[in-house]
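In case you want the letters, here they are:
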Amino acid sequence: MTAVIAGRTEAAPPTKPGRGNRAWGAGKSAMRTAALFVVSAAIGLALWSFLAWWYGPTTMASPAAVVSAAKELSDTGVLWTSIQASGQRILIGWVLGVIVGAPVGILMGRINIVRQLLDPYIEFFRFIPPIAFVTLAVVWFGIGETSKVVLIFYTSVFIVTVSTIAATVAISDNKLQAATNLGAGRLQIMKTVVLPSTVPGIVTGARLAMGNSFLTIVSAEIVAADAGIGSMIWQARNYGRIDWTFVGIITLGIMGFLFDRVLRLLSRKFLGRYGVK
């Protein structure tokens, strides 16, 4: 038997309004972004092709010529060897710069006497471009890997240090005072307040340092290197291969984009709780 209660109707279960609309909106936005990217790429390629036709192959290589040159360098193994050599030098020097620059920046931001002692050196050397030390690096460390890594380290360490100092100094006094009032010692304040607050600044400095590392690697490899993107570009000049030069430039851009994207993804995944975006 089925009991019917007069005057009473069962309401439909509530649904979450807007879920379908939000999904549709997100998909529409992604499609719009992809379409804009395709249009932008098409315009860029068209402009590049026109300039290559206008100035001629001796001045500017066309997209087709660059693709052909990239295939040639890839088949001979030169391209992959160069990418591996340059990528390894950049990563080692950059990691060392972050490892040294971050704690030095925290100490300079927190301890006044350390900042007074080191600040003149930081402000002096960070304005001297790494290319000015290329010859000295080769003389002091030889033509091997050490000289290139040292130059990348030099490029990275000051950027990370300055960014970390700025993040440390910007910590609110209220946070520090609250931790002190709760009985936290210096080590606890450093661990629970200072370090979490400086993580976004360290990541920003690391990303900037990564970009500058790509600027330095070319000059370092041009002077003394048997393999690397910079060496490949220099050999392209010696052989009069403008298309090889374009391959090297585009490869550097792609490598930099991928390195930065991976760094951003890892930072968001592992350091997102500290405010890294």
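Note on numbering: residues in each chain are counted from 1, in written sequence order. Two thresholds apply to this predicted model, a pLDDT of at least 70 for residue-level local features and 80 or more for giving and counting side-chain atom pairs, whereas whole-chain, interface and lining totals are computed over all residues. Calculated side-chain values reflect all of the structure's heavy atoms, with hydrogen atoms and water omitted.

The next subject is the pattern of salt bridges. Salt bridge, as used here, is a side-chain nitrogen of Lys or Arg placed within 4 Å of a carboxyl oxygen of Asp or Glu. Within the structure shown, the criterion is met by seven salt bridges. Between D243 and R241 there is a salt bridge, with its nearest N and O atoms 2.9 Å apart. Salt bridges here are not isolated pairs; linked through shared partners, they connect E72, R241 and D243.

Okay, the nonpolar core next. Put simply, a nonpolar core is a bunch of buried Ala, Val, Leu, Ile, Met, Phe, Trp, Tyr and Cys residues held in one set by side-chain atoms that sit within 4.5 Å of each other. For every residue, the accessible area (1.4 Å probe, protein chains only) is compared with the maximum for its type, and the residue is labelled buried under 20%, exposed over 50%, or partly exposed between those bounds. In terms of nonpolar packing, the biggest core is built from 37 residues, with W94, V247 and L252 touching the most fellow members. In terms of residues, this core owes the most to one element, helix α8 (residues 186-223), which gives ten residues. By the convention used here, residues are in contact when the closest approach between their heavy atoms is within 4.5 Å. For V247, the residues in contact, after removing those within four places along its chain, are V66, A69, A70, L73, L79 and M232. In this structure, M108, F133, A137 and Y154 belong to the second largest nonpolar core, which totals eleven residues. For the purposes of this entry, the term helix denotes a DSSP run of H or I that reaches at least four residues, the term strand denotes a run of E that reaches at least two, and both are numbered from the N terminus.

Once that is clear, we can look at the packing of aromatic side chains. Stacked, edge-to-face and tilted labels apply to pairs of Phe, Tyr and Trp rings (six-membered ring for Trp) whose centres lie within 6.5 Å, assigned for plane angles under 30 degrees, over 60, and everything in between, in that order. Per the stated rule, a full pass over the model turns up ten aromatic pairs. Summarising the aromatic geometry, the rings of F125 and F158 are spaced 6.5 Å apart at their centres and angled 10 degrees between planes, so their arrangement reads as stacked. Taken as a pair, F125 in helix α4 (residues 112-125) and F158 in helix α6 (residues 145-169) lie far apart in primary sequence, 33 residues in all. Accessibility expressed as a relative area gives 14% for F158, which makes it buried. An aromatic cluster is present here, built from F124, F125, F133, Y154 and F158 joined pairwise through their rings. In this structure, R237 is placed above the aromatic ring of W234, and the distance from its NZ or CZ to the ring centre is 4.6 Å. Think of it as a cone above the ring: NZ of Lys or CZ of Arg counts as a charge over the ring if it is within 6 Å of the ring centre and within 35 degrees of the ring normal.

Mapped onto the fold, A137 is located in helix α5 (residues 134-141). Looking at A137, the relative accessible area reads 4%, which means it is buried. Separated by 62 residues in the primary sequence, A137 and D75 place their C-alpha atoms 33 Å from one another. In this view, A137 contacts G142, S147 and L151; residues no more than four positions away in its chain are not counted.

Before going further, it helps to spend a moment on the packing of helix α2 (residues 63-76) against helix α3 (residues 78-110). Axis angles are defined between N-to-C directions and span 0 to 180 degrees, where every axis is a line fitted to C-alpha atoms and, for a helix, only to the segment in contact. One way to put it is that α2 packs onto α3 with a least axis distance of 4 Å and a crossing angle of 80 degrees. Between α2 and α3, the interaxial angle falls into the category roughly perpendicular. Of α3, the residues touching α2 (which contributes A70, L73, S74 and T76) are V78, L79 and W80. Gly falls in the polar group here, along with every residue not listed as nonpolar (Ala, Val, Leu, Ile, Met, Phe, Trp, Tyr, Cys, Pro) or charged (Asp, Glu, Lys, Arg). Its residues assigned to classes, the contact of α2 with α3 shows five nonpolar, two polar and no charged. Put simply, angles under 35 degrees are roughly parallel, angles over 145 are roughly antiparallel, angles from 65 to 115 are roughly perpendicular, and the rest are oblique.

Patch membership requires over 30% relative accessible area and the absence of a salt bridge. Like charges are linked within 9 Å, and nonpolar side chains (Val, Leu, Ile, Met, Phe, Trp, Tyr) within 5 Å. To measure how exposed things are, a 1.4 Å probe is used in the Shrake-Rupley method; for residues, cover is taken only from the protein chains shown. There is a patch of nonpolar side chains on the surface, built from L107, I111, I113, L117, L118 and Y121 and spanning about 580 Å² of accessible area. Broken down by element, the nonpolar patch gets its largest block of residues, four residues, from α4. Residue L107 is classed as partly exposed on the basis of its relative accessible area, which comes to 40%.

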